[in-house]
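Each chain, written out:
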Amino acid sequence: MSDESSADEKIGSDLVKLIQQLEKIEFRNDRDLYRYARILRAIGLELYMRVGMDADMITAILSQYKGKWYTFGLQSKLRAKLVGAHLKGGASAAKVLGLSGVKMYASFVKHFIKPEQEAEAEARKGKGGKGRPGFSIGDKPNSGSAGKPGEAGKAA
């Protein structure tokens, strides 16, 4: 009995820890956005898997229901699928949540990091000035190295 409760705490603690990590993030630089995207992806994946598996379990349990004489057999299985479909919809919403974090960071790279790298390359050629925004994007990104922090300069 104590093994089951400790296993439940371990399983539940991963999701709780991920949410706590997400709450602690303050957006000050590109690394914070990257961490946010990774944690959001992990939360979405965890919820997607849990809710999807629970939907299958509930469907299986309800499909075996033997109630009144007018609800048995195929009708019970059909109703069970209808009930489980609601959780499946929730699971796909969790999947979209996780994917939105990844898309957010990809959009950030496209709209902020790439143009800054191009502007810095232009500044090196002597064709433009360089202004410092209030939001910091890495120390000195190399051209063509947009992506994960840590792949460019001291961004890790």
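Asks: What is the right way to look at the overall build of the chain in this model?
Replies: When its secondary structure is counted, the chain shows three helices and zero strands. The proportion of buried residues among the 156 residues of the chain is 25%. Taking as baseline every contact in the chain between residues at least 6 positions apart, the subset at least 24 positions apart corresponds to 66%. Carbon and sulfur atoms form 59% of the exposed surface of the chain, whose accessible area is close to 11200 Å².

Asks: So what exactly am I meant to see when it comes to the nonpolar core here?
Replies: Within soluble globular proteins, side chains that are nonpolar tend to cluster in buried spots. Counting residues in each nonpolar core, the largest one holds eight residues, listed as Leu33, Tyr34, Ala37, Tyr105, Phe108, Val109, Ile113 and Ile137. At the level of elements, helix 2 (30-63) and helix 3 (74-125) are the ones that each hand at least two residues to this core. Sorting elements by how many residues they give to this core places helix 3 first, with four residues.

Asks: How should I be thinking about the environment of Gln75 in this particular structure?
Replies: Here Gln75 shows up in helix 3. Classification of Gln75 by relative accessible area gives partly exposed; the value is 33%. For the pair Gln75 and Ser63, spaced 12 residues apart in sequence, the C-alpha to C-alpha distance is 8.6 Å.

Asks: Help me out: how do you make sense of the packing of helix 2 against helix 3 in this one?
Replies: If you want to describe how two helices pack, look at the angle between their axes and the distance between the axes. At their nearest, the axes of helix 2 and helix 3 sit 8 Å apart, and the two run at 170° to each other. Considering their axes alone, helix 2 and helix 3 lie roughly antiparallel with respect to each other.

Asks: In this structure, what is going on with helix 2? I would like to understand it.
Replies: Quick reminder: α-helices carry 3.6 residues per turn. Residues three or four places apart thus point the same way. For helix 2, which comprises 34 residues, the first-to-last C-alpha distance of 49 Å matches the rise-based estimate of 50 Å (1.5 Å per residue) to within 8%. With a side-chain oxygen positioned 3.1 Å from the backbone nitrogen of Arg31, the residue opening helix 2 is Asn29.

Asks: Teacher, can you tell me more about the pattern of salt bridges here?
Replies: Two side chains bearing opposite charge may form a pair once their charged atoms approach each other closely. All chains considered together, the criterion is met by five salt bridges. Of the charged contacts, one joins Glu26 and Arg28 as a salt bridge, the two residues approaching to 2.5 Å between their closest N and O atoms. Among the residues examined, Arg28 registers a relative accessible area of 57% and is labelled exposed. With a shortest N-O distance of 2.9 Å, Lys88 and Asp56 are connected by a salt bridge. Here the residue Lys88 occupies a position in helix 3, and Asp56 occupies one in helix 2, the gap between them amounting to 32 residues.

Analysis parameters
- Each chain has its residues counted from 1, following the order in which its sequence is written.
- Residue-level local features of this predicted model are given only where pLDDT is at least 70; pairs of side-chain atoms are given and counted only at 80 or more, and the full residue set underlies all totals for whole chains, interfaces and linings.
- The basis for the side-chain values is all heavy atoms of the structure; hydrogens and waters are excluded.
- Numbering of helices and strands starts at the N terminus; helices are DSSP runs of H or I of at least 4 residues and strands are runs of E of at least 2.
- Working definition: with a 1.4 Å probe on protein chains only, accessible area under 20% of the residue-type maximum means buried, over 50% means exposed, and in between means partly exposed.
- We call two residues in contact whenever any of their non-hydrogen atoms come within 4.5 Å of each other.
- We get accessible surface area from the Shrake-Rupley algorithm with a probe of 1.4 Å; when it comes to residues, only the shown protein chains can shield them.
- By convention a nonpolar core is built from buried Ala, Val, Leu, Ile, Met, Phe, Trp, Tyr and Cys residues, the set being connected through side-chain atoms within 4.5 Å.
- To define axes, lines are fitted to C-alpha atoms, for helices over the stretch in contact only, and angles between the resulting N-to-C directions are given on a 0 to 180 degree scale.
- If an angle is under 35 degrees, it is roughly parallel; if it is over 145, roughly antiparallel; if it lies from 65 to 115, roughly perpendicular; otherwise it is oblique.
- Take the residue count of a helix, subtract one, and multiply by 1.5 Å to get its expected span.
- Throughout this description, a polar contact denotes any pair of N or O atoms lying within 3.5 Å of each other; where both atoms belong to protein, one of them has to be capable of donating a hydrogen while the other can accept it, and for residues adjacent in sequence the pair is counted only when both atoms sit in side chains.
- The rule for a salt bridge is simple: a side-chain nitrogen of Lys or Arg has to be within 4 Å of a carboxyl oxygen of Asp or Glu.

Function cannot be read off these values alone, since they describe shape.
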